[in-house]
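Summary of structural features
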Amino acid sequence: MTMSTLQGRIALVTGATSGIGRAAAVRLARDGATIIATGRNQAEAERTLEAIRAVGGTGHFQAQDITDEAGWIALTNWIEATFGRLDIAVNCAGVFFSKPLPDTSLEDFRWIWNIDVNGCFLGIKHAMRLMQKTGSAGSIINISSLAGLIGLDDCAAYCAAKAAVTHLSKAAALEGAKASPRIRVNSLNPGVIMTEMITKSYGDTPETRAFAMQGNALQTTGEPEDIAAGVAYLAGDASRYVTGSVLLIDGGRGAD
Amino acid sequence: MPSLDSKTAIVTGAGSGIGRATALRLAQAGARVFATDYSLDAAHATAALYGGPALALDVTDPAAWDAAIAAVVADAGRLDVLVNCAGILLAGPIVEATLADFDRLSRVHVEGPMLGMQRAIAQMRAQANGQPARGAIVNISSLAATRPFPDLPLYSTVKAALSNMSRAIGIEVGLDGDFIRVNCVHPGVVRTGMSEGLFDAATWDDAATFAHIPLGDYARPEDIAEAALFLASDDAKFMTSTAVTVDGGWTLV
């Protein structure tokens, strides 16, 4: 049974040039939404747009540094001028590194915080502003992490940043609930998913794959498409009554 | 949109409320759905909504579970999805609660799903032909599992037990090498036949309740059914031992 449940919706996906962001953009496009994919890598963006076309979808790329507020203003102005509205915003762009805490410099810490937290904050802020301005009953989905809920060894800065994203989502959900029409905000917390973000730090090796599976009750690695499916649930009317929630997609890793 | 094409499902408590909405939603997504209920008439009425089969099932009775699973396998040859939705609600302050109340709640909300999960997992393994078994179990628990409600002390207790049992069984079957996923839905306040007694009470106050619900409304049974469908489908194939909270933001405040 196929049905385009997001037909006519306008969806912004940051970090759409790789990994979970690309998969989310393709899935939302498959479900009928028009995609604005953002990121920094033009060549990788072309691959995302090609994948969107391959599922019969429509996508547009805008280069974006999510830590630049002027860029957010320009982007949301362009979205308003081009589409007249924004229905779905997926804040997916993020960075990661693994380093023991005593070896983590303040610069390291600020690098992850600036992109993962400040970038997400700006994304929520400007998506909410545009949704409110154009009267959209929007859905904002912030890609956090299992590491925002429990500790992940040698990843203190990332754990702190993702805990901030998880909680920022809840606070934003309270404000979104006051908007008319209401704007839903949810946190999606993936376990360890095999993406370039992980393989850049740990290498694309059998050991990395074993690390990704470690502690998963399902004894399999999570794929970007598994997270994209959760994004699709939170984006559409199926989750009409879901806001401020933490959607944990982790193969059961966090349960024990 | 999630698909359950060629899947066979059992929904308990399908005669009313969330169970009825879930049975209908799973059927719309392509599954052959056995609507089961304590009342066979109520199960038939639900099954008639989508032209499916109905069975009587008292979830507290092990023999009734055996018979229901046998009937499903005789008809469809397999079982892919179990949604444990049958429930009852007994409200009141703890000092007025009786052991009989607690026993009824425990049997329906904890023993019933336990008996169903045991048998569903056994069937999913039996039909796997030596391969890792596949299947999805969705337990309709409650927001009360994590946010206890005043005057629902026993209900809150048994729902916490159901949610934690689900997590434990999800880990257990996963580590056994099977791909049987076990998850919960945590609904907030839903107006159904089960909860209607609460709303009729002179003490119920919509405005006071909405003060707890940022989205400012009750959930519809269909909202819970959508979460159950998501968890039952391959869209949730990397999800086990977790819960989808559908509460209008109740847990935020």
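One can find the structure itself at the top, above this paragraph.
Quick look at the structure, then. (Residues numbered from 1 in each chain as written. Chains lettered and ligands numbered in written order. Predicted model: local features only at pLDDT ≥ 70, side-chain atom pairs only at ≥ 80, totals over all residues. Heavy atoms only, no water.)

On to the pattern of salt bridges, then. Side chains that differ in charge, positive against negative, can pair when their charged atoms come close. All told, the structure shown has 20 salt bridges over all chains when counted by the stated rule. One salt bridge connects A:Asp87 with A:Arg85, and the closest N-O pair in it is separated by 2.7 Å. Taking the relative accessible area as the measure of exposure, A:Arg85 reaches 30% and is therefore partly exposed. Residue B:Asp223 pairs with B:Arg220 through a salt bridge whose shortest N-O separation is 3.3 Å. Of the residues examined, B:Asp223 reaches a relative accessible area of 1% and is grouped as buried. (Salt bridge = Lys/Arg side-chain N within 4 Å of Asp/Glu carboxyl O. Buried < 20%, exposed > 50% of the residue type's maximum accessible area, 1.4 Å probe, protein only.)

Residue and element names in this part refer to chain B. Where helix α1 (residues 17–28) meets helix α2 (residues 40–50), the closest approach of the two axes is 9 Å, and the angle between their N-to-C directions is 30 degrees. Considering the angle they form, α1 stands roughly parallel to α2. Pair α1 / α2 crosses with right-handed handedness. In this structure, α1 uses Arg20, Ala23, Leu24 and Ala27 to contact α2, whose residues at the interface are Thr46, Leu49 and Tyr50. For the contact of α1 with α2, the residue count by class is 5 nonpolar, 1 polar and 1 charged. (Axes fitted to C-alpha atoms, helices over the stretch in contact; angles between N-to-C directions. Helix = DSSP H or I, 4+ residues; strand = E, 2+ residues; numbered from the N terminus. Parallel < 35°, antiparallel > 145°, perpendicular 65-115°, else oblique. Left-handed = near helix turned anticlockwise from the far one by under 90°. Contact = heavy atoms within 4.5 Å. Nonpolar A, V, L, I, M, F, W, Y, C, P; charged D, E, K, R; others polar.)

Sheet strands associate in pairs through backbone hydrogen bonding, adopting either a parallel or an antiparallel arrangement. Residue and element names in this part refer to chain B. Spatially, β3-β2-β1-β4-β5-β6-β7 is the arrangement adopted by the 7 strands of the open sheet, whose pairing is parallel. Taken across any chain shown, the strands that pair with only one partner, and hence form the sheet edges, are β3 (54–56) and β7 (243–246). Mean inter-strand twist for the sheet, computed between neighbouring axes without regard to direction, equals 20 degrees. Note: strand β4 (residues 81–84) against strand β5 (residues 134–140), 4 bridges, orientation parallel. By the bridge assignment for β5, Val81 is matched with Ala136. (Pairing = 2+ DSSP bridges.)

A word on the sheet that holds strand β3 (residues 58–63) of chain A. Residue and element names in this part refer to chain A. Taken in spatial order, the 7 strands line up as β3-β2-β1-β4-β5-β6-β7 in an open sheet, and their pairing is parallel. For this open sheet the edge positions go to β3 and β7 (246–249), each flanked by a neighbour on one side alone. In this sheet, neighbouring strand axes are inclined to one another by 20 degrees on average, regardless of whether the strands run parallel or antiparallel. Where strand β5 (residues 139–143) and strand β6 (residues 184–190) come together, 5 bridges link them in parallel fashion. In the strand pairing of β6, Ile140 is matched with Val185. Helix α2 (residues 42–54) rests against β2 (34–39) and β3 of the sheet, and its axis sits at about 165 degrees to β3. Sheet strands in contact with helix α5 (residues 156–176) are β5, β6 and β7, and its direction is about 160 degrees off that of β6.

Such coordinate-based values are descriptive only and should not be taken to indicate function.
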